[in-house]
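Close look at the chain arrangement
Residue-level listing of the chains:
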Amino acid sequence: MKKNFAALALAVAMAATLAGCSSSATETEAPETENTEAEAEAAGDSAFAGQTLIMATNAEFPPYEYHDGNEIVGIDVDIARAICEEMGAELEITDIAFDSIIPEIQADKADFGAAGMTVTEDRQSQVDFSDTYATGVQSVIVPEGSEIQTIEDLSGKLIGVQQGTTGDIYASDDFGDENVQRFPKGADAVQALVNGKIDAVIIDNKPAQVFVSENEGLVILETAYAEEEYAIAVKKGNTELLDAINASIASLKESGTLDEIVAKYVTAE
Ligand code: GLN
């Protein structure tokens, strides 16, 4: 029943290196002619220099992307900003429903999707994914004192999920459509749980921790439901952008910037 993905060990190792930095990477101001080869490489050959890249996301997924006043902030936003800075590109963010992100990329309305998006086989047939930059764990939230103590206990219970997420897909597969209630936002599912309308919520661990800390009387089961990897999505066949994103991710990992970005948003657990 549990989903274990092949690259789990690797992903866990990666997640461990994933703690945070400020997003303000140095801009490549030097005129093109003065660029060293190393700089050009770091800037993904600068193929996107001067361009504006549109990132599609769903800013309801703290700490990866969420609203802070009028601003959209979070780990993915800082990573995307750092990637764009490395490329010398401008970043524009479009905040849409989670399950619209892939169609938006396919329709060329967004250049890439960064939304704590899990790499799945089905999605891989629709978009191309970058190298992974974080690990996610599908967690189960229940009210304190719930009789649900294991994944198996979810059988026959009403499970809340965010529509179109892997939590939705797995829960529907494992426990049946009729036992799954879909909400536009994870926070709405958590609210329904607080109000006793559903028995549990399945959602990624980091937002789960945020939602539990914001609501009294909820706990996260110790047993994880599924382990997964997050990556950035681009249109199928857009290797130029994918290569540039991968080059940036590698350099952000190597410089420690990726770790610093995560540390900025994830305080000691
Ligand atoms: N990681 C989950 C998925 O890819 C949820 C992502 C999200 O809600 N932003 O489906």
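These numbers come from a predicted model, not from an experiment.

Here we look at the nonpolar core
Generally speaking, a soluble globular protein has its nonpolar side chains buried in company with each other. Met-87, Phe-112, Tyr-133 and Ile-245 are the most contacted members of the largest nonpolar core, which has 36 residues in total. Considering every element that reaches this core, the biggest residue donor is helix 3 (residues 75–87), with eight residues. With near-sequence residues (within four places) excluded, Ile-245 lies in contact with Ile-83, Met-87, Phe-112, Ser-130, Ile-232 and Val-234. If you look at the next biggest cluster of nonpolar residues, it comprises 16 residues, including Val-140, Ile-159, Tyr-170 and Val-180.

A short note on the sheet that holds strand 1 (residues 52–57)
One open sheet accounts for five strands, arranged 5-1-6-14-7; its pairing is mixed. Among the strands making up the open sheet, the edge pair consists of strand 5 (90–95) and strand 7 (127–129). Direction of pairing for strand 6 (residues 112–113) relative to strand 14 (residues 233–235): antiparallel, over a ladder of two bridges. Directly across from Gly-113, in strand 14, lies its bridge partner Ala-233. Its contacts with the sheet put helix 3 on strand 1, strand 5 and strand 6, and the angle it makes with strand 5 is roughly 150 degrees.

Side note on the site of the ligand
Around the ligand lies a shell of 13 residues, among which Gly-116, Thr-118, Arg-123, Thr-166 and Asp-204 are the nearest. Residue Thr-118 places a side-chain N or O atom 2.8 Å away from a nitrogen atom belonging to the ligand. Compared with its free state, where it exposes 300 Å², the ligand has 100% of that area covered by protein. Looking at the shell around the ligand residue by residue, the classes come out as five nonpolar, five polar and three charged.

Some points on helix 7 (residues 186–194)
Buried residues of helix 7: Gly-186, Ala-189, Val-190, Ala-192 and Leu-193, and no others. All buried residues of helix 7 fall inside an arc of 155 degrees around its axis, so they share one side. Where helix 7 is buried, its residues touch strand 8 (134–143), strand 9 (159–162), strand 10 (180–183), strand 11 (200–204), helix 8 (205–214) and strand 12 (218–220). Phi for Gly-196, located one or two positions after helix 7, is positive at around 75 degrees.

Considering the environment of Val-137
One can find Val-137 in strand 8. The buried category is assigned to Val-137, whose relative accessible area is 15%. When the C-alpha positions of Val-137 and Ala-208 are compared, they lie 9.8 Å apart, and in sequence the two are 71 residues distant. Apart from residues no more than four positions distant in its own chain, Val-137 is found in contact with Ile-203, Asp-204, Asn-205, Ala-224, Ala-226 and Glu-227.

Quick look at the environment of Val-142
Following the sequence through the fold, Val-142 ends up in strand 8. Since its relative accessible area comes to 1%, Val-142 is described here as buried. Separated by 56 residues in sequence, Val-142 and Ile-198 have C-alpha atoms that sit 9.3 Å apart.

Describing the confidence of the model for the protein
Scored by pLDDT, the protein comes out at a mean of 87, with 82% of its residues at no less than 70. This model gives residues 1–37 a pLDDT under 50, and the stretch forms 70 contacts once residues within four places in sequence are excluded.

Concerning the packing of helix 3 against helix 10 (residues 257–265)
The interhelical angle for the contact between helix 3 and helix 10, taken along N-to-C directions, is 150 degrees, at an axis separation of 9 Å. Taken together, the axis directions place helix 3 and helix 10 in an arrangement best described as roughly antiparallel. Crossing handedness for the pair helix 3 and helix 10: right-handed. Note on element contacts: helix 10 touches helix 3 through Leu-258, Ile-261, Val-262, Lys-264 and Tyr-265, opposite Ile-75, Asp-78, Ile-79 and Ala-82.

Description of the sheet that holds strand 2 (residues 60–61)
Taken together, three strands build an open sheet; the order of strands is 2-3-4 and the sheet is antiparallel. Where the open sheet ends on each side, the last strands, each with one partner, are strand 2 and strand 4 (71–73). Inspection of the sheet shows strand 2 paired to strand 3 (residues 65–68) by two bridges, in the antiparallel sense. For Glu-60, the partnering residue across the bridge sits in strand 3 and is Tyr-66.

Considerations on the packing of aromatic side chains
Here a ring pair, both rings aromatic, is described through the centre-centre distance and the interplanar angle of the planes. According to the stated counting rule, one finds six aromatic pairs in the structure shown. Look at Tyr-170 and Tyr-225: their rings are 6.2 Å apart centre to centre, the planes differ by 70 degrees, and that puts the pair in the edge-to-face class. One end of the pair, Tyr-170, is in helix 6 (residues 166–175); the other, Tyr-225, is in the loop between strand 12 and strand 13 (226–230), and 55 residues separate them in sequence. On the basis of relative accessible area, Tyr-225 is assigned to the buried category, the value being 0%. Each member of the aromatic cluster is reached from another via a ring pair, and the members are Phe-61, Tyr-64 and Tyr-230.

How each quantity is defined
- Residues numbered from 1 in each chain as written.
- Predicted model: local features only at pLDDT ≥ 70, side-chain atom pairs only at ≥ 80, totals over all residues.
- Heavy atoms only, no water.
- Core = buried A, V, L, I, M, F, W, Y, C linked by side-chain atoms within 4.5 Å.
- Buried < 20%, exposed > 50% of the residue type's maximum accessible area, 1.4 Å probe, protein only.
- Helix = DSSP H or I, 4+ residues; strand = E, 2+ residues; numbered from the N terminus.
- Contact = heavy atoms within 4.5 Å.
- Pairing = 2+ DSSP bridges.
- Axes fitted to C-alpha atoms, helices over the stretch in contact; angles between N-to-C directions.
- Near = heavy atom within 4 Å.
- Polar contact = N/O pair within 3.5 Å; in protein donor to acceptor, adjacent residues only side chain to side chain.
- Areas by Shrake-Rupley, 256 points an atom, 1.4 Å probe, with all protein chains shown as cover.
- Nonpolar A, V, L, I, M, F, W, Y, C, P; charged D, E, K, R; others polar.
- Arc of directions from axis to C-beta.
- pLDDT = per-residue confidence, 0-100.
- Parallel < 35°, antiparallel > 145°, perpendicular 65-115°, else oblique.
- Left-handed = near helix turned anticlockwise from the far one by under 90°.
- Phe/Tyr/Trp six-rings, centres within 6.5 Å; stacked < 30°, edge-to-face > 60°.

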